[in-house]
Each structure stands twice: as C-alpha cells, then as structure tokens.
Amino acid sequence: MSTYFQPQKYPATEFASTGATDEALPVVVVGAGPVGMGVALGLAQRGIPVTVLEAADQVSFGSRAICISRHSLEVAARLGFGPELEKIVLPWVGGRSFYRDEQVLHFEMAHGDHDVRGPMVNVSQSEIEQIMTDTLLAHPLITFHWSSSVAGVLRSDEDVTLDVDTAFGARRLRARWVVAADGGRSRMRELAGIRLQGNSYQGNYVIADIHWESTLPAERMVWFDPPSNPGSTIIMHQQPRDIWRIDYQLDSADDAELETQEDRIRDRITRHLDWLENDVPWTLEWHGFYRAHALALDDFTHGRILFAGDAAHLVPIFGVRGLNSGMEDAETLAWTLAAVVHGTADKSLLRAYSAERRAAWQQNVDNAGKSTLIMSPGSHGYRTTRDAVLALATTRPEFGHLINPRQSSATHAHLSPLTWPVAEGTTGVLPGDPMEDRRVRVVTADGSVESSLNRVRGTGFALFGVGVDAAGARMIAAHASALAMALSPESVRAVVVPAPGAAVAAAADLTVLDDPDGALAQALGASAGECFVIRPDGLVLCRVRDLSLLGDVRDHLKTATAPALGVVPTHTETTATPDELLRENVWMGLSEALDQAGESDREGFLTRLALLLGSQSGRREFEEALAAASHVSGKVSSGTPRHSHADA
C-alpha cells in the first residue's frame, strides 16, 4: 500500500476588500510556498499581522525539493516548526557516484560530535509545506486566503494595492508592504514589469517519485551512462516511508513531451531497477520535469514590493540549493522588514537584504554551476572533459573530487553593508559567517545541562562573549538590555563563556556556558574577552574586543551601515587541497579551450597541448601518463560493463 503524502484541500476563502478609509494591511505575502510562509512566520513572531495569499487550494503536490540542509533545519527551529519537521525527516550524510557500473566517488558531508543535527535530511517539499501551513493557521496574527490569485498591482510611495481574483469575485487589498514569494513563474514579477537575468543550462531532467520497499541505503546515488539507460545520468534519493526520488537526464535529441508521458517514465525506471536486480514491486506516485537555471533579479526590492525565493532568483538544482537558499531569504527578510515596520531601522535595511541575498545567489551559482557542468555539460568542451574525468576516476580516484555535488551549505554575508570589518589577520568565525549550532552546556544552580547554541541565543539578536571576566559579563548583559529596548520587540540575549577561574553567575539577563577545555572558544577562533554579535538569521554581525563598541550596534543597524575601520572579513571558502584546486583549474581551463578550438582542429589542439605539456615533464612521468590514459581508453571502449550494483 502506498505511503505517498496526499495534501488536504482547503475551501476558498471569502474576505472583504480594504475600504478607502480602512488602514492598509501591514504586510501581504503573495505565495504560500516555504519561503512565503517562512517570511509570514518570522514577521508574526515579531508581532506583525500578516495576510497570506495563495492561488491554489492546497500545498504543493509531489516531492519537488527534498534535500534539507542542517542550516535550514536551524531556520525551521527558529521559525517555530522545526520540532514537527524533524519528526518525519530521513537523515543522510553522503553518497556515491558511478560511471557506468564502477564507483568513481564516495563522499561524506562534514559532521562531528559537536553538531546538533546531521548535515542533510530528506523529506518532500509537500510535507514541509503542510507542517508550515498547520503552524500558520494556528497563529493568531496570520490570516490565510486560499484560492486567491493576484491579477493586478498598483504602487505608490506609501502602499501597494493588489487586485485579487477569488471564488467570490474580485477583491482589492491595500498593504504597506508586499512580499512576492510566488515562485519561479512569479505573477508578481510579471505585474511589476521586471525579469530575471542570467543563464539557463542545457539538459532536461525528468523527476519521479516511486513507492519502493528497497533495502538500498539512504544516500545520494548517481549513475553516469549506466547500462540501464546508456547516455543518461540517473540520480536516486530515498525519502521517508519507502518513497524514492529518481531523476534522469534526457538526451538532447529526445522529445521532452513524449518522454514525460507515464508509460515512457515507467519504462525508464523499470530498466534501471531491473538492472539493479530489483524483484520488489513499485508504484509511480508523481512525476515532473525541470531544466537548470542560474537567474536572478538585479534588485530584490522594488519600492514596497520585496521579492524572495524563486520569485527573486533561480539556482541550478544540483547541490540542492533552491529551497535551502530560499529559507535563508525568508529569515533575513523577516527580521529586516520587521525592523522597518516597527520603525527601529531605516528602509536602507531592506536594501541591505537585497544586496546580501543577491550575493548569496551568486555564491550558490558559483558552486552549483560547477556541479551542473558535470551533471549536465552544455558544450562540447565540458562534455568531453566530463567524460574524461569519469573514465579517469575509475582507475585514478584523485579525480573523483571533480564529481562531488558540492552539497548546499549556509551562505555568508561578508560584503554586506551591515557586516563590520575586522582587524587584519583575524581568523575563525568572521563577521558575515553563519554561526553554526553546536552542542553546549549551560550552567545552572544545579550544575551544567546540555543544550545548543541555537537554543540559548534565541530567535533574535545575541551578544556572545567568550573568555570574559565578571565585569565583562555584566557589561555584555547591560549592552544586551539596552539593545533590546532600542530594537523592541526584537529579542536580544546575552550569553557568555567565562574566562578560566572567573566567577560569573548566571542571571535572568545572562546565560552562562561551561567550556572547561576551551573547545568552543577554539572552534570560534575567539580571543579572551571577545564578543560576537549574532543576527536573528544566525549570521555574525560583528566581533569586538573593546566591549564599549557594542553601544554602536544599534545606530549602525538603524542606518544599515558598518564602521569604516578595519578590513573586509573574508577567508578562503573551500576545503579543497592545492592539488584538488589545480585539477579543477585544469578541468575548467581545458573545457573552455576545447570550446574555443575549431571543430576541425580539436584533435590537433589536444595533440599540440600534449606535446607542450609532455616536453615540460620528465620522461618517466610522461610515459606513466600515456600508460594511464591508454589503459583507461581501452577499458572504457571495450567489453560490456560488469555489474557492481550490489555494492550500491
């Protein structure tokens, strides 16, 4: 019996138009996907009434986005639906890739004993949306209108008027602010007369969910050119309750309309499962279709209309950055818009939101773009080098890292106008970096108890002092209290790790953590007496050694500025070794050069390149390279690939 999630339907909502003499609604959110609902929850959490418009009569149907990062789970916890979500997810930590039937990569995402959550979980977007919907419907400050689609927009300096089509006729709502979170085919974007800019990649993928009681492990499995579907690429992910997501690439010559018919999808999946020696019945539950895009608006703020999620940007799906980056959008927009609505910050804070999140889109594109060039190479050069990398990786595992999907991780805001500079040479967690959740021990009257940094710092700002004495702790608590008054109703908490031997007592306005071996301070790269200011979305706003500077935080937030002294916080955003970076540069450089070579001169170009490189190496090294390349060539071109799927 199928366990596939079936969302419930909701009756169309009847509501009155905003009258000419009525006050404008504080905020209207258009689109009840994860991003729109995330913004609504974040605003309501800060005391702002929100009206949500959704054109459909249910949450989305089908898995859509399924891979949820550790950071997104932290966002869910702060927005209030994390505990329910974490009850139903399926954790995983890595995956394997195969060329034909030989393993060419086995990867694990970073995780350690200090982590509160694993690096990634799987669950369908439909189920996430249902949990979020239940949370929204129970919130007294959120009004939800189903079957309500926006048909027109009229903007002024003071408000936005929305013409809304409903089952009960046309309605008109006037709002001070409108959040457009209505997806990749955004009607709000169309009505505002703006377009996404960027690139779309070649390569079409069919996606399908099946109910299949398999014993394969919960990991990301990818087959390039598998014997079951030669020339294609197949991705498999397990979801909760024996639901499996299968993505496969169509050939450029395939008729997409024909290949998305159910009988053709069943045939493709059957061939692959038969090759895996499957004897377990399965059922096709849902299917869809996608292409990879790297598109974004130039600016996410357009007067009083603010764009977020897929309405603001699209990223290639490889590395699962779409929903995860959208949840970051939602949390950042919620606290910045709330500050503007409450009058504790200028509108310039929303321009900072736009600058940050567009820069985050670029970070995602830079990483996902490399994955896309492996998964769906769009040119002769990249297709040739991709196939060569795969073939080499069967005997030279050092090339396997080029196939790594570069799974989604939290983005940074180093270049944000909000982010404070640091002293040159500062290391560790820098301003603009995400402050990851960690296991910590909280000092109480009865001893220390286990908790997490995310839990103790709360949903607002936090002043987090490390290695402080009693006077420093009192000073941090006083600054936190003053900042809370200035930013009300945004919460501000004071958290400290005492210096060794310092007598610092916990209090109502001060949380004290126990770090006897200094592991927490070391992980942060903190010096004694230093204080980190953490934003509501988990990013570090600043880190200061002179605690008196904490008094400047409020003024800089209000005007969306940062002090001018110091250097822009930055560090190398890769864990790649020098050899891995070299191979990546060679791969991309060779691909570009092949694309620039004339079609009739490609073999000549490669021969000249080999002669030049060979003359710069020793005879032994060159002969070894010739032998390795010849061995791979013979292996790939001869014989029928043996099955190694039992190892999958």
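Residue positions are given per chain, counted from 1 along the sequence in the order it is written. Whole-chain, interface and lining totals are the exception, using all residues; otherwise, since this is a predicted model, local features are given only for residues with pLDDT of at least 70 and side-chain atom pairs are given and counted only at 80 or more. Hydrogens and waters are ignored; side-chain quantities use all the structure's heavy atoms.

(A) Looking closely at the packing of aromatic side chains. Stacked, edge-to-face and tilted are the three classes for Phe, Tyr and Trp ring pairs, Trp counted by its six-membered ring, which pair at centre distances within 6.5 Å; planes under 30 degrees apart are stacked, over 60 edge-to-face, the rest tilted. Scanning the entire structure with this criterion turns up 11 aromatic pairs. Between Tyr-382 and Trp-587, the ring centres sit 6.0 Å apart and the planes meet at 85°, which makes this aromatic pair edge-to-face. Remark: Trp-587 occurs in helix α15 (residues 578-596) and Tyr-382 occurs in helix α10 (residues 380-393); sequence separation between them is 205 residues. For the pair formed by Tyr-382 and Trp-587, the shared burial category is buried. By way of ring pairs, the aromatic residues Tyr-10, Phe-144 and Trp-146 are connected into one cluster. Taking NZ or CZ as reference, Arg-304 lies 4.5 Å from the ring centre of Trp-177, over its face. For Arg-583, the ring lying beneath its charged end belongs to Phe-399, and the centroid distance is 5.9 Å. Strands here mean DSSP runs of E at least two residues long; helices mean DSSP runs of H or I at least four residues long; both are numbered from the N terminus. We call a residue buried when its accessible area falls under 20% of the maximum for its residue type, exposed when it is over 50%, and partly exposed in between, using a 1.4 Å probe and counting protein chains only. Note on criteria: charge over ring means Lys NZ or Arg CZ within 6 Å of the ring centre, with the direction from the centre no more than 35 degrees off the ring normal.

(B) How the structure looks around unusual backbone geometry. The peptide bond linking Ser-488 to Pro-489 adopts the cis configuration, its omega dihedral lying at 10°. One can find Pro-489 in the loop between α12 (470-487) and β23 (492-498). The phi torsion at Asp-242 lies on the positive side, around 60°, for a residue other than glycine. With respect to the helices, strands and loops of the structure, Asp-242 is situated in the loop between β14 (233-239) and β15 (243-250).

(C) Up close: the pairing of β23. Where burial is concerned, most of β23 is hidden: five out of the seven residues are buried. Sheet topology note: the strand β22 (residues 461-468)/β23 ladder contains seven bridges and is parallel. Among the inter-strand pairings, Gly-465 is bridged to a residue of β23, identified as Val-496. Handedness of a crossover is defined as follows: with both strands directed away from the viewer, a clockwise route from the first strand across the helix to the second makes it right-handed. Traced from β22 through α12 to β23, the parallel crossover comes out right-handed. Pairing between two strands requires that DSSP report at least two bridges joining them.

(D) Helix α9 (residues 348-375), seen in detail. Helix span is expected to be 1.5 Å times the residue number reduced by one. Taking 1.5 Å of rise per residue, 28 residues should cover 40 Å, and α9 covers 40 Å from first to last C-alpha, within 8% of that figure. A residue's bend is given by the angle between axes fitted to the 7 residues ending at it and the 7 residues starting at it. The principal kink in α9, of about 25°, is found at Ala-368. The buried count for α9 comes to 20 of 28 residues, which makes it a mostly enclosed element.

(E) Seen up close, the side chain of Gln-58. Within the secondary structure, Gln-58 is located in the loop between β2 (50-53) and β3 (67-69). We classify Gln-58 as buried; its relative accessible area is 17%. Among the polar contacts made by the side chain of Gln-58, one reaches the side chain of Lys-9 at a distance of 3.0 Å. Should any heavy atoms of two residues lie within 4.5 Å, those residues are considered in contact. Those residues in contact with Gln-58 that sit more than four places away from it in its chain are Pro-7, Gln-8, Lys-9, Tyr-10 and Trp-146. For the purposes of these results, a polar contact is taken to be a pair of N or O atoms within 3.5 Å, where, inside protein, one atom must be able to donate a hydrogen and its partner to accept one; residues adjacent in sequence count only when each atom of the pair is a side-chain atom.

(F) Molecular detail of the sheet that holds strand β4 (residues 90-92). Taken together, three strands build an open sheet; the order of strands is β3-β7-β4 and the sheet is antiparallel. Every interior strand has two partners, whereas the edge strands, β3 and β4, have only one. Within the sheet, the average angular offset between the axes of one strand and its neighbour, ignoring direction, is 35°. Summarising the sheet, β3 and strand β7 (residues 120-122) pair through three bridges and their orientation is antiparallel. The residue bridging Cys-67 from the neighbouring strand is Asn-122, located in β7. Sitting on the sheet, helix α2 (residues 70-79) touches β3 and β7, and the angle it makes with β3 is about 75°. Axis lines are fitted through C-alpha atoms, for helices just across the contact stretch, and the angle between N-to-C directions can take any value from 0 to 180 degrees.

(G) Spotlight on the nonpolar core. Counting residues in each nonpolar core, the largest one holds 101 residues, and the members touching the most others are Phe-81, Leu-162 and Phe-307. Sort the elements by how many residues they give to this core and helix α8 (residues 322-342) lands first, with nine residues. The contacts of Leu-162, once residues within four sequence positions are left out, are Val-28, Val-30, Leu-53, Val-150, Gly-152, Val-153, Arg-171, Arg-172, Leu-173, Val-178 and Met-188. Cys-67, Leu-105, Ala-296 and Val-365 belong to the second largest nonpolar core, which has 39 residues in total. By nonpolar core we mean a set of buried residues, namely Ala, Val, Leu, Ile, Met, Phe, Trp, Tyr and Cys, connected to one another through side-chain atoms within 4.5 Å.

(H) Looking closely at the side chain of Arg-304. Residue position: Arg-304 is located in the loop between β17 (301-302) and β18 (305-307). Summary of buried charges: Arg-304 has no salt-bridge partner, and the nearest side chain of opposite charge, Glu-158, is 4.1 Å away. Not counting chain neighbours up to four residues away, the residues in contact with Arg-304 comprise Ser-156, Asp-157, Glu-158, Asp-159, Val-160, Arg-176, Trp-177, Val-178 and Lys-347. We count Lys and Arg on the positive side and Asp and Glu on the negative side, and we leave His and both chain ends out. The working definition used for a salt bridge is a side-chain nitrogen of Lys or Arg within 4 Å of a carboxyl oxygen of Asp or Glu.

Just geometry here; none of it tells us what the structure is for.
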